[in-house]
Every structure is written in C-alpha cells, then in structure tokens.
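# Examination of the molecular architecture
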Amino acid sequence: MENTEYVHGYSDREALRLNDQADTLDNIIHNDTIFPKDSFVLEASCGVGAQTKIIAAKNPDSNFISVDISEDSLGEARQLIKSLDIKNVEFRQADLYGLPFEDGIFDSVIVCLVLEHLHHPKQALTELNRVLKKGGTMIAIEGDHGSTFFYPDSKSAHSAIDCQVRLQRQNGGNSNIGRELYPLLKSIGLSDILVSPRMVYVDSSRPQLVEGFIKNTFTAMIEGVGDKAVRQGIIDKLTFEKGIKDLYRTAEPDGVFSYTFFKGFGTKK
Ligand SMILES: C[S@@+](CC[C@H](N)C(=O)[O-])C[C@H]1O[C@@H](n2cnc3c(N)ncnc32)[C@H](O)[C@@H]1O
C-alpha cells in the first residue's frame, strides 16, 4: 500500500498538528467550501477528521462520506466527530485508487492536502472523477513548499524545508504540487476550472497565525522529518537544528512568514 511510507507518519503529535492546521486555516481555505443543500459529498482521505469537522459543520444540510486508507486515523476521526455531535458524516475505509462506490453517485468530491503524498495523483483524481455525477463539483486543496518565504531569511531554514521536499519526493510524492493543480484538474477533463492561491501571511499582528501556522503547523511539520533526514545523511544534525530554530525565529515580534495553498474547483462534463 502506498501510504506505508507516508512522510508525516500517524503519531499523536501529527494528529494534533493536522487539527491545528485545519483550525488555523479554516477561513483561508474553507471560506467557500459550501455545498448546495442536500448534497451528497465524498471527502477523500479524511485522516483524523481535521477537515471533516469543519466542512461537515459548515454544511449541515449535506451528507458526507469520508474515507481514508488508515483504519487508525478513521478511528480517531469517528471519535472526534462523535465528540462534536456532528451527525452528517459516515466514515469508511477505502483506497483512493479503487473506491468502493458506483459511478456518478456524488454531487461533490473534496480532496484536501492528500495529492502531495501520492505516487499517481492523476490516477487518484481520475478515480474520484469516476464517482462524481455529471455536473458535479470537484474541489482539491494542496500546498506548495516552494511558496515559502520568511524574515529573517535563513539558509539553514531553507535546507531544513528542503529535507521534507526531498523525503516526500523519495516516497513518490510532491511537496510542490500546488502549482500543478490547474494542469492536473485539466488533465482529467474537468471544465470551468478555477484555481486560486490562498496565501497565509503571518506577522506578529496576527498572533493566532503565529501560534497556529508558523509554530504548530509548518515548523512542527518540518521538525517531524528531522530524525529521518539526519539518519539518511540528507542534512547534518546541527544545520537541521539551526534551520528549525530559525523557523521559530520568524515567529518573534519582528518576524514574517508566508506560505501559499492552492484551491481548485472544477466541474465534471
Ligand atoms: C496529510 S493527511 C491529510 C488528512 C486530511 N485530509 C487533512 O487535511 O487533515 C493525508 C491522508 O491521506 C491518506 N492516504 C494516503 N494514501 C491513501 C490512499 N491510497 N487512499 C486513501 N487515503 C490515503 C493518509 O492515510 C492520510 O490520512
């Protein structure tokens, strides 16, 4: 199975990071995740339910089926959704490359921060498109690590970020996939494609993003690949540690950090 080398792993800390990420980015990436009343929506690769809880609560008149390949993550997602008393979601284990659904049954499909991990994102999108109704909407959201810049700038911080890009590539994924969203959606034959950049700009006048994005989402993600990167000789320990320190430095009162996600909408012809 492709997810055995999933770069972020399935630790408790990663589950917390995914929830911090989703909560922090709610207004930036989900402000327009609104489905028509009574929509039947497939959420592909829901993980621990970090996005599920946001999109399901925003769309109480729609019904969701949220799938993931990891039973453990699904277990956490089920618990989370139950604890929030959200009733419009059903979870199911499924592989994106071979979904257990008939053709054309969903009004919408949403896939969020998943394609970057896949060996064959076009194949997965083709499968998602198969289960989408004619006239239905596909939504895909991905990041792009090449969009990262910050002040004070730091060579070590860029080297630490590059470790994640390289490990992801080594696993067959692509941390810079955001810029490919438009061609990918086009390649599976969707029409009316609209991709928009969702820039997360952070300085100390936005304390919630300093905590939620610079520290708990982005730097925590890069920190998570340190041991592996050092073990594989991609970087030396001191440079990696300096890189992480410099990323945290951008969260100081005079620091600035910016990262861009890309959100694409397309319609099935
Ligand atoms: C970064 S997580 C994103 C989870 C969630 N969408 C979010 O944004 O919080 C990526 C998820 O993709 C799942 N995944 C990886 N390969 C998969 C596959 N072939 N089929 C289904 N899910 C897969 C992983 O188990 C993991 O939960």
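Scroll up for the structure.
The sections below set out a description of the structure shown in this document. (Residues numbered from 1 in each chain as written. Predicted model: local features only at pLDDT ≥ 70, side-chain atom pairs only at ≥ 80, totals over all residues. Heavy atoms only, no water.)

### What about the overall build of the chain?
What counts is decided by this rule: The helix count covers DSSP runs of H or I at least four residues long, the strand count covers runs of E at least two residues long, and both are numbered beginning at the N terminus. All radius of gyration figures rest on C-alpha atoms, and the globule criterion is 2.2 Å times the number of residues raised to 0.38. The buried label goes to any residue with under 20% of its type's maximum accessible area, the exposed label to any with over 50%, and the partly exposed label to all in between, with areas taken from a 1.4 Å probe on protein chains only.
The helix and strand inventory of the chain stands at 9 helices and 8 strands. Radius of gyration (C-alpha) of the chain: 18 Å, near the 18 Å computed for a compact globule of 269 residues. For the chain, the C-alpha atoms occupy an extent of roughly 50 × 35 × 35 Å along the three principal directions. When burial is assessed residue by residue, the chain has 55% of its 269 residues classed as buried.

### Section: the pairing of strand S1 (residues 40-44)
So the rule is basically this: By the criterion used throughout, a crossover qualifies as right-handed when its path from the first strand across the helix to the second strand runs clockwise, the strands pointing away from the viewer. Pairing between two strands is assigned when DSSP locates at least 2 bridges connecting them.
When you tally the buried positions in S1, you get 4 out of 5 residues, the bulk of the element. Regarding the hand of the β-α-β motif, the stretch spanning S1, helix H2 (residues 52-58) and strand S2 (residues 63-68) is right-handed. Here S1 runs beside strand S4 (residues 106-112); their pairing, made up of 4 bridges, is parallel. The residue bridging Leu-42 from the neighbouring strand is Val-109, located in S4.

### Let's talk about unusual backbone geometry
The amide bond that connects Tyr-151 to the next residue, Pro-152, takes the cis arrangement and shows omega of -5°. Despite not being glycine, Asp-192 shows a phi value in the positive range, around 50°. Mapped onto the elements of the fold, Asp-192 is located in strand S7 (residues 191-203). Judged by its relative accessible area of 63%, Asp-192 is exposed.

### Observations regarding the nonpolar core
A general feature of soluble globular proteins is that nonpolar side chains tend to end up buried together. Basically, it comes down to this: The term nonpolar core refers to a set of buried residues drawn from Ala, Val, Leu, Ile, Met, Phe, Trp, Tyr and Cys, joined through side-chain atoms within 4.5 Å.
One finds Phe-213, Phe-218, Ile-222, Leu-247 and Phe-257 to be the most contacted residues of the largest nonpolar core, which totals 48 residues. Sort the elements by how many residues they give to this core and helix H7 (residues 207-223) lands first, with 7 residues. The next biggest cluster of nonpolar side chains, apart from the first, holds 29 residues, and it includes Leu-42, Val-109, Val-111 and Leu-190.

### Focus on helix H1 (residues 12-29)
Definition in use: A helix is expected to reach a length of 1.5 Å times the quantity of its residues less one. To get the bend at any residue, fit one axis to the seven residues that end at it and another to the seven that begin at it, then take the angle between the two axes.
Relative to the 26 Å expected for 18 residues at 1.5 Å per residue, H1 spans 24 Å between its end C-alpha atoms, a close match to the ideal helical length. Along its length, H1 reaches its greatest deviation from straightness, about 35°, at Asp-23. Those residues of H1 lying buried are Glu-14, Ala-15, Arg-17, Leu-18, Asn-19, Gln-21, Ala-22, Thr-24, Leu-25, Ile-28 and Ile-29.

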